[in-house]
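Okay, here's what each chain looks like letter by letter:
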Amino acid sequence: MPGGGVVAITGTTNVDRVEAPVTVRAYLIVAFAAFGGIFFGYDTGWMGGVLNMDFFIKQYTGAEYPDVKFPGVNHLDQSVVDYRKSTFSVPPWQQSLTTSILSAGTFFGAIIAGDLADFIGRRFTIIMGCGIFTIGGILEAASTGLGVMVAGRLIAGFGVGFISSIVILYMSEIAPKKVRGAVVAGYQFCITIGILLANCVVYATQNRRDTGSYRIPISVQFLWAIILATGLALLPESPRYWVKKGKLDKAAAALGRVRGQPLDSEYIQDELAEIIANHEYEMSVVPQTSYLGSWMACFEGKISQPSSNARRTALGICMQAMQQLTGINFIFYFGPVFFAQLGSISDPFLIGLITTLVNVCSTPASFWLVEKVGRRPLLVFGAAGMVIMQFIVGAIGASAGKNTADHPANPAATRAMIAFICLNISVFAMTWGPCAWVVIGEIFPLTIRSRGVGLSTASNWFWNCIIGIITPYLVADRPDSARLGSNVFFLWGSLCCVSFLFAYFFVPETKGLTLEQVDKMLEETTPRTSRGWKPHSTFAAEMHLGEKNIEIPVATEKVTAKHETV
Ligand code: BGC
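Residues numbered from 1 in each chain as written. Predicted model: local features only at pLDDT ≥ 70, side-chain atom pairs only at ≥ 80, totals over all residues. Heavy atoms only, no water.

By the naming in an unreviewed UniProt entry, the protein chain is High affinity glucose transporter RGT2, taken from Clathrospora elynae. Reading the Subcellular location (unreviewed entry) entry of the UniProt record for the protein chain gives the comment "Membrane". Quoted verbatim from the Sequence similarities (unreviewed entry) field of the UniProt record, the comment on the protein chain reads "Belongs to the major facilitator superfamily. Sugar transporter (TC 2.A.1.1) family." (UniProt positions renumbered as here; feature names shortened; annotations may be inferred.)

Given below as structure tokens:
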């Protein structure tokens, strides 16, 4: 609409017109947001390696370096191995604390961010997260002991909580339906790259005998904060946020930018109409009168009904819990420690690096799978695959026996275990890794979406934290641990059986639908019948939007985008 004016939107009855076509530039906007995953991955990735660094261990325990205590003795010699196990390692409670305190901060960060994103917007919440994260990072880098490190991890975690939940929300709200799953899987890809980068940096600095050993890996993170905050400052806000706020002119302008279309395009009018009509419908079903009321709305309705808010909130929370209980972070957090215990491995760091590389290389397959095969089958078959892999690892470990002085390690068994651990990572990376994020971005109605995503993300971090706390006590070869060793894989495998049942009975198929159509599908199907559902009406038609005469002023917006569609 050159020259400005108002546009009255009526909406469409055509179910194929509820989303505007998208330009290449618009795809790039969505893809950039995935960068937030780097934070998440990097921050979870560096701690495990640092805990195993000689300089760091000496700083935390005050014990002498093994090569100083046993000059000239090979580092695989039993006396050195025993010294490392008994004395030269960070005590389990400190390992637990430094690892899991990040997740504790993230837990609260994710919940608060869900709240904030409805008040100050998705973009500003993420930018604020970058700022908080930087403060925490400065403390981590400055620390020379437990206290300041823990404080830094807690604050940085708070920032990561903001970023990890709101990036998902933002991406799901602006991504076109056809590629929404793939783009959110791109976020998971960035998580894996973050973990890999952390491992590479840790690998490069592990042998330094100065504070650079851990300060360098920590300081690299500032780069991610600067890139994400600067990029987001330039990107448009989510149009769905503006609809929720009742600012329809801003919603139209934002939608025009994320779709790369001019404001007076009929496609933009129709998509906007559908978002508005859906929001009106949701508000009529569960009205939100007050601040407390809007929180209560997350738990409204019968849990047995797939479309109720209570059911969707439970689905998101359980989905993320199940993802963590697959045990994936056992490998990424405690990989180097666990591989060292297996014996017959001269460089546990390197194996850690390989596992993270497998994670990175397997994830891109999910970009295609999540749109072609769908979320539900990936989750069901992914869980089944992980059950098989983890039970095999446990069985090999059990038959090979413990790595002790009178029963030395079996190199062939160790290699086979590592191979199946890598296959397990691969299955995770193609299925539960991305899908858990994709699904939580899609199942909530706009009225409770930010809080629902925040609560679900908080659940991810809660379980992440629990795993961080308990794992050293499960596997470490110390008197205060359960010494499960490789039997821990039987535990993760059994939990994957639960994930399998959960996915089969409770996860609906959301591929190819707009977020508004997901609402309708949940009302009309059960998870097991959801795959066959096809959109048959629009919210704009059902809510009689045409009769309400909703007008959007578009006078101030400069329209520069071309009608170039892909
Ligand atoms: C999980 C993380 C995990 C990562 C591994 C993510 O989806 O939430 O906890 O470390 O995947 O790639």
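Chemist: Would you take a moment to explain the packing of aromatic side chains for this structure?
Modeler: The description of an aromatic ring pair uses the distance of the two centres, along with the angle that the planes make with each other. Tallied over the full model, the rule gives 26 aromatic pairs. Aromatic side chains Y83 and F88 sit 6.1 Å apart centroid to centroid with 15° between the ring planes, which places their arrangement in the stacked category. Here Y83 and F88 have matching classes, each one buried. Ring geometry for F107 and F108: centres 5.0 Å apart, planes at 85°, overall edge-to-face. Judged by relative accessible area, which is 21%, F107 ranks as partly exposed. The class of F108 is partly exposed, set by a relative accessible area of 49%. When the ring centre of W46 is taken as origin, the NZ or CZ atom of R153, which lies over that ring, is 4.9 Å away. Sitting over the face of the ring of Y65, R209 holds its NZ or CZ atom 3.7 Å from the ring centroid. (Phe/Tyr/Trp six-rings, centres within 6.5 Å; stacked < 30°, edge-to-face > 60°. Buried < 20%, exposed > 50% of the residue type's maximum accessible area, 1.4 Å probe, protein only. Lys NZ or Arg CZ within 6 Å of the ring centre and 35° of its normal.)

Chemist: What exactly am I supposed to notice about the side chain of R376 here?
Modeler: Assignment of secondary structure puts R376 in helix α19 (residues 375-400). One buried charged residue, R376, forms no salt bridge at all, with the nearest opposite charge on E509 at 6.3 Å. There is a polar contact of 2.8 Å between the side chain of R376 and the backbone oxygen of Y504. Ignoring sequence-local partners within four residues, the contact set of R376 consists of A503, Y504, V507, P508, E509, P527, R528 and S530. (Helix = DSSP H or I, 4+ residues; strand = E, 2+ residues; numbered from the N terminus. Lys, Arg positive; Asp, Glu negative; His and termini not counted. Salt bridge = Lys/Arg side-chain N within 4 Å of Asp/Glu carboxyl O. Polar contact = N/O pair within 3.5 Å; in protein donor to acceptor, adjacent residues only side chain to side chain. Contact = heavy atoms within 4.5 Å.)

Chemist: Is there a simple way to explain the packing of helix α8 (residues 146-174) against helix α22 (residues 449-475) in this structure?
Modeler: Axis separation between α8 and α22 bottoms out at 9 Å; the angle between their running directions is 135°. Looking at the two axes, α8 sits oblique to α22. As α8 packs across α22, the resulting crossing turns out to be right-handed. Where α8 abuts α22, its residues V160, S164, S165, I168, L169 and E173 lie against R449, S450, V453, G454, T457 and W461. Residue composition of the contact of α8 with α22, by class: five nonpolar, five polar and two charged. (Axes fitted to C-alpha atoms, helices over the stretch in contact; angles between N-to-C directions. Parallel < 35°, antiparallel > 145°, perpendicular 65-115°, else oblique. Left-handed = near helix turned anticlockwise from the far one by under 90°. Nonpolar A, V, L, I, M, F, W, Y, C, P; charged D, E, K, R; others polar.)

Chemist: What exactly am I supposed to notice about the site of the ligand here?
Modeler: Around the ligand, the structure places 15 residues, and the nearest of them are Q188, Q323, Q324, N329 and N359. Separating an oxygen atom of the ligand from a side-chain N or O atom of Q324 is a distance of 2.9 Å. Between the ligand and the protein, one listed contact pairs an oxygen atom with a side-chain N or O atom of N460 at 3.0 Å. Those elements giving two or more residues to the shell around the ligand turn out to be α9 (180-205), α15 (309-325), α16 (328-342), α21 (432-442) and α22. Considered class by class, the residues forming the shell around the ligand number six nonpolar, nine polar and no charged. Each of two domains, domain 1 (19-65 + 84-235) and domain 2 (303-537), supplies a minimum of three residues to the shell around the ligand. (Near = heavy atom within 4 Å. Domains from an automatic or database assignment.)

Chemist: Could you clarify how one ought to interpret the environment of T13 in this entry?
Modeler: With respect to the secondary-structure elements, T13 resides in the loop between β1 (6-9) and α1 (24-33). As for T13 and E542, which are separated by 529 residues in sequence, their C-alpha atoms are 8.6 Å apart. Beyond its immediate stretch of four places on either side in the chain, T13 contacts T538 and A541.

Chemist: What exactly am I supposed to notice about the environment of L350 here?
Modeler: In this fold, L350 is placed in helix α17 (residues 348-362). Expressed as a C-alpha distance, the spacing of L350 and N199, which sit 151 residues apart in the sequence, is 9.1 Å.

Chemist: Explanation requested: a nonpolar patch on the surface in the structure shown.
Modeler: Side chains of F119, I120, F124, M128 and Y291 sit close together on the surface and give an oily, nonpolar patch of about 490 Å² of accessible area. Within the secondary structure, M128 is located in helix α7 (residues 122-142). Residue M128 is classed as partly exposed on the basis of its relative accessible area of 39%. (Patch = residues over 30% accessible without salt bridge, like charges linked within 9 Å, V, L, I, M, F, W, Y side chains within 5 Å. Areas by Shrake-Rupley, 256 points an atom, 1.4 Å probe, with all protein chains shown as cover.)

Chemist: Honestly, the packing of α19 against helix α23 (residues 488-506) in this entry has me stumped. Any pointers?
Modeler: The relative placement of two packed helices comes down to the angle between their axes together with the axis-to-axis distance. Interaxial distance between α19 and α23 falls to 8 Å at its minimum, and their mutual angle equals 165°. As the angle between them shows, α19 and α23 are arranged roughly antiparallel. Between α19 and α23 the crossing geometry is left-handed. When grouped by side-chain class, the residues that make up the contact of α19 with α23 number 18 nonpolar, five polar and one charged.

Chemist: In this structure, what is going on with the pattern of salt bridges? I would like to understand it.
Modeler: Close approach of charged atoms allows side chains with opposite charge to pair. Taken as a whole, this structure holds 16 salt bridges when the rule is applied. The salt bridge partner of R240 is E516, with a shortest N-O separation of 2.8 Å. Placement of the pair is R240 in helix α11 (residues 239-245) and E516 in helix α24 (residues 515-524), with a sequence separation of 276 residues. Across this residue pair, the class does not change: R240 and E516 are buried. In this structure, R312 engages D519 in a salt bridge whose closest nitrogen and oxygen atoms are separated by 2.6 Å. One end of the pair, R312, is in helix α15; the other, D519, is in helix α24, and 207 residues separate them in sequence. A single burial state applies to R312 and to D519, both of which are buried. Within this structure, D118, R122, E173, K244 and R449 form a network of salt bridges that share partners.

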